[in-house]
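This is what each chain is made of:
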Amino acid sequence: MAKLFLFLTIFLNFIFANSSLNIITPQEYDRQKAELGKMLFFDKTLSKDKNISCETCHNLYWNFSGTNTDLTKMDTPTILNSALNFLFFKDGKVDNIYKQVEISLTSKKELNTQKDILVNKILSNPKYNALFHKIYQKLDYETIVDALVNFEKSLITPNSKYDNYISGSSEIFSASEKKGYEIFSLVGCISCHDGINLGGNLIVQSPDGFKKVPMLRNISKTSPYFYDKRTSDLKEVLRIKNDKLISDLSDEELDNLYDFLLTLDGQTTYIKSDNAE
């Protein structure tokens, strides 16, 4: 089994090698549909008990991390740039963004609603009813999911220091950041953390089952780290990885690697409109 996973890692790394140098660019989405999706994303009344919204776990209000930093709550992958992925959820069980939204709406661990109940709730809301019929000319479960998908496509973080560096602005990196990027490539981090999001492309085996390799975009803002949420200190993550997986890096080299990871923070984007506030 271990040999099979090693083969898959090498094979997928070969496939996505060229995508490792892709910058984040705006995704195509419908602005009106995304504005409507934002309203749904923040609406707690859509959940079964009316006490949780998508935003409750995918924070876009306090720190725009796209996740939650509460150690007492479920570990939630960031929603930022997730529309650029082709695997969804921590175990990568879904390869379709529409299916991801459907599961999130109906999962007992998330909004815990049902299709018919959700549609009826939105039908009974005059504002939603009017907006759906204006934008989609109808209101059904499929258009609800589509609105949320369009909003999710808007949540990208372009123009990071890393994006500018690989676009040709080599002077934008400090000496430490440049050294950190070299270490990131040379010691093999990029073998799993590849692609446009530097992660999210590969499923690996962990002690508690199959897990998707996390994205590194905006990593400084998306604590806690590891699927068991053992630490909120990014430098501690690097020390743990150095002991177990990376190589015998010096403290200075770990600092270089840390400085590089900070370059992955992009500009936050957020749809704002009268309808969506």
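Counting starts from 1 at the beginning of each chain's written sequence and moves along it residue by residue. Whole-chain, interface and lining totals are the exception, using all residues; otherwise, since this is a predicted model, local features are given only for residues with pLDDT of at least 70 and side-chain atom pairs are given and counted only at 80 or more. Hydrogens and water are ignored here; the side-chain numbers use all heavy atoms of the structure.

- Going by what an unreviewed UniProt entry lists, the protein is known as Cytochrome C551 peroxidase (Cytochrome Cperoxidase CCP) and is assigned to Campylobacter sputorum subsp. sputorum.
- UniProt positions are given in the numbering used here, feature names are shortened, and annotations may be inferred rather than shown by experiment. Per UniProt, the protein has the following entry under Subcellular location (unreviewed entry): "Periplasm".

Here we look at the overall build of the protein
- Helical segments are the DSSP runs of H or I of at least four residues, strand segments are the runs of E of at least two, and each set is numbered from the N terminus. The helix and strand inventory of the protein stands at twelve helices and two strands.
- Only protein chains enter the accessibility calculation, which uses a 1.4 Å probe. A residue is then buried if its area is under 20% of the maximum for its type, exposed if over 50%, and partly exposed in between. By the burial criterion, 48% of the 277 residues in the protein qualify as buried.
- In this analysis, two residues are considered to be in contact whenever any of their non-hydrogen atoms come within 4.5 Å of each other. Contacts spanning at least 24 positions in sequence make up 60% of the contacts within the protein whose residues lie at least 6 apart.
- Counting only carbon and sulfur atoms, one obtains 52% of the accessible surface of the protein, whose full area is about 14,400 Å². Surface accessibility in these figures is a Shrake-Rupley result with a 1.4 Å probe; residues are shielded only by whichever protein chains are displayed.

Some details on the pattern of salt bridges
- Any carboxyl oxygen of Asp or Glu that lies within 4 Å of a side-chain nitrogen of Lys or Arg is treated as forming a salt bridge with it. Across all of its chains, the model carries nine salt bridges by this definition.
- Salt-bridge contacts for Asp 146 lead to Lys 33; the nearest nitrogen and oxygen are separated by 3.9 Å. Taken together, the positions of Asp 146 in helix H7 (residues 141–154) and Lys 33 in helix H2 (residues 31–41) put the pair 113 residues apart, joining distant regions of the chain.
- When the shortest N-O distance is used, the salt bridge between Asp 140 and Lys 138 registers 3.6 Å.
- One network of salt bridges, in which partners are shared, links Asp 233, Glu 236 and Arg 239.

Re the packing of H2 against helix H6 (residues 126–135)
- Lines are fitted to the C-alpha atoms to define the axes, a helix being fitted only along its stretch in contact, and any angle between axes, read from their N-to-C directions, falls within 0 to 180 degrees. Viewed as axis vectors pointing N to C, H2 and H6 meet at an angle of 155 degrees, and their least axial separation amounts to 10 Å. In terms of axis orientation, H2 runs roughly antiparallel to H6. In the crossing of H2 with H6, the sense of the turn from one axis to the other is left-handed. Across the interface between the two elements, Gln 32, Lys 33, Leu 36, Met 39 and Leu 40 from H2 touch Lys 127, Tyr 128, Leu 131, Phe 132, Lys 134 and Ile 135 from H6.
- Grouping the constituent residues of the contact of H2 with H6 by class yields seven nonpolar, one polar and three charged. Angles below 35 degrees are treated as roughly parallel, those above 145 as roughly antiparallel, those between 65 and 115 as roughly perpendicular, and all remaining angles as oblique. The sense of a crossing depends on the near helix, which, turned anticlockwise from the far helix by less than a right angle, makes the crossing left-handed and, turned clockwise, makes it right-handed. The nonpolar class holds Ala, Val, Leu, Ile, Met, Phe, Trp, Tyr, Cys and Pro. Asp, Glu, Lys and Arg form the charged class, and all remaining residues, Gly among them, are polar.

Points about the pairing of strand E2 (residues 209–212)
- When DSSP locates at least two bridges between a pair of strands, those strands are taken to pair. Bridge count between strand E1 (residues 203–206) and E2: four bridges; the pairing is antiparallel. In the sheet register, Val 204 faces E2, and the bridge partner there is Lys 211.
- Count of turn residues in the E1/E2 antiparallel hairpin: two residues.

Digging into the UniProt feature "binding site: heme c 1" (unreviewed entry) in the protein
- Sites flagged by UniProt as "binding site: heme c 1" (unreviewed entry) map to Cys 54, Cys 57 and His 58.
- You can call Cys 54 buried: its relative accessible area is 13%.
- Among the secondary structure elements, Cys 57 is positioned in helix H3 (residues 54–57).

Digging into helix H9 (residues 175–186)
- Multiplying one less than the number of residues by 1.5 Å gives the expected span of a helix. Along its twelve residues, H9 runs 16 Å from first to last C-alpha, staying within 8% of the 16 Å computed at 1.5 Å per residue.
- When we look at burial in H9, the residues that qualify are Ser 176, Glu 177, Gly 180, Tyr 181, Ile 183 and Phe 184. Take H9 and look down its axis: the buried residues cluster within an arc of 160 degrees, on one side only. When the buried face of H9 is taken as reference, the exposed residues oriented beyond 90 degrees from it are Ala 175 and Leu 186.
- Those residues of H9 hidden inside the fold are in contact with helix H8 (161–166), helix H10 (189–192) and helix H12 (251–262).
- After H9 finishes, the residue Gly 188 shows a positive phi value of roughly 100 degrees. This arc describes the spread of directions from the helix axis toward the C-beta atoms.

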